Amino acid sequence: MQLAYPTLRLNRQRLLDTAQRIYKQSQAESEIYGLNRPDFARCLYYLRKPQAADYLRQVAQKQPNLLNYEAARINWYRLAGDQAAMQTLYQQLLHKAAKADRRAYADYQVQIFEAHFWLSNDRECIQLYQREASLQEWPLLSLIAQIAEARLTRNQHLALAMAQRFAQEIRTELLEPWDDWLLNYWDLYEICCSLLDPPLQLDTALIAPASNPSQRLLELCHAEQVVAVEWATYNNEDEGEIGYQSYTLADGTTKSFGAGFVNQELERLVWDIMNFD
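The structure presented is a predicted model; accordingly, all values stated were derived computationally and were not measured. (Residues numbered from 1 in each chain as written. Predicted model: local features only at pLDDT ≥ 70, side-chain atom pairs only at ≥ 80, totals over all residues. Heavy atoms only, no water.)

### Side note on the confidence of the model for the protein chain
With 86% of its residues at a pLDDT of at least 70, the protein chain reaches an overall mean of 85. Taken element by element, the protein chain is modelled with least confidence in strand S2 (residues 241-249), mean pLDDT 68, and with most confidence in helix H7 (residues 122-131), mean pLDDT 98. (pLDDT = per-residue confidence, 0-100. Helix = DSSP H or I, 4+ residues; strand = E, 2+ residues; numbered from the N terminus.)

### A look at the layout of surface pockets
Estimates place the volume of the second largest pocket at around 320 Å³. Taken together, 13 residues make up the lining of the second largest pocket; nearest its centre are Val 110, Gln 111, Glu 114, Trp 138 and Leu 141. Secondary-structure elements contributing two or more residues to the lining of the second largest pocket are helix H6 (105-118) and helix H9 (139-153). With 5 residues, H6 is the largest single contributor of residues to the lining of the second largest pocket. (1 Å grid on protein atoms, 1.4 Å probe; cavity = no way out; pocket = protein on both sides within 12 Å on 5 of 7 lines; lining within 4 Å. Points joined across faces, edges and corners; volume = space filled by probe spheres on them.)

### Observations regarding the packing of aromatic side chains
What characterises a pair of aromatic rings is the spacing of the ring centres plus the angle enclosed by the ring planes. Counted according to the given criterion, the structure contains 7 aromatic pairs. With a centroid separation of 5.2 Å and an interplanar angle of 65°, the aromatic rings of Phe 117 and Trp 118 are classed as edge-to-face. Here Phe 117 matches Trp 118 in class, with each residue buried. One residue, Arg 151, lies across the ring of Phe 117, its end atom 4.7 Å from the ring centre. (Phe/Tyr/Trp six-rings, centres within 6.5 Å; stacked < 30°, edge-to-face > 60°. Buried < 20%, exposed > 50% of the residue type's maximum accessible area, 1.4 Å probe, protein only. Lys NZ or Arg CZ within 6 Å of the ring centre and 35° of its normal.)

So, in structure tokens, the structure goes:
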């Protein structure tokens, strides 16, 4: 099956707006928080700002000194382009793992596996995954091992399949580039896209800021032959928010929100307008 290039791109205007909002909040709360926030550092990184590396290093240094954050700190230094710091943390991780008791063995294997991936030690990453049954229990780690294989073997088809997989996950779950997760899907998506031939640049312009979002939404709905948008959320006896979001097309069929229109701008505008606070 012929796979098309993924169309997911960074929305520069949203990154700028988010960075400015965080900056204003941090100015008002400077005595407590300062600007050492992961979301602010990520915005600068994806905006390709020269000062991003300094903020990324600060975030890496301020990550909790806990086992689950060992590989995450290595990734922050990767984003900062600091190979020396990455290697230092990796050696420290191996030293800690060698002294750890058996109860922590599986947790250390996860951290070492992810560290190999961020360091591009793809052969070691794949071998560790194949050797450790505890790693194979995690679906996300299986996807990471496949990215490592695509990078090691220069398998374009596998890299493209992984890029499409993460693009769909990001769209469906409405994940933002600045989200502060131990494993941010945008990081994995960017690595997948860098393996394509030619590489896909995430910061290539795709979405132009709309001066009149409502008018722009009408234009996009017309272009996609959307005649109605159904949107509802409600609370099910405090068990969590449940709802439905779908489009009705001119031919009478429906399409679920997050299914992935070719034009990402449409779903972004629907989400922003429907969730305007």
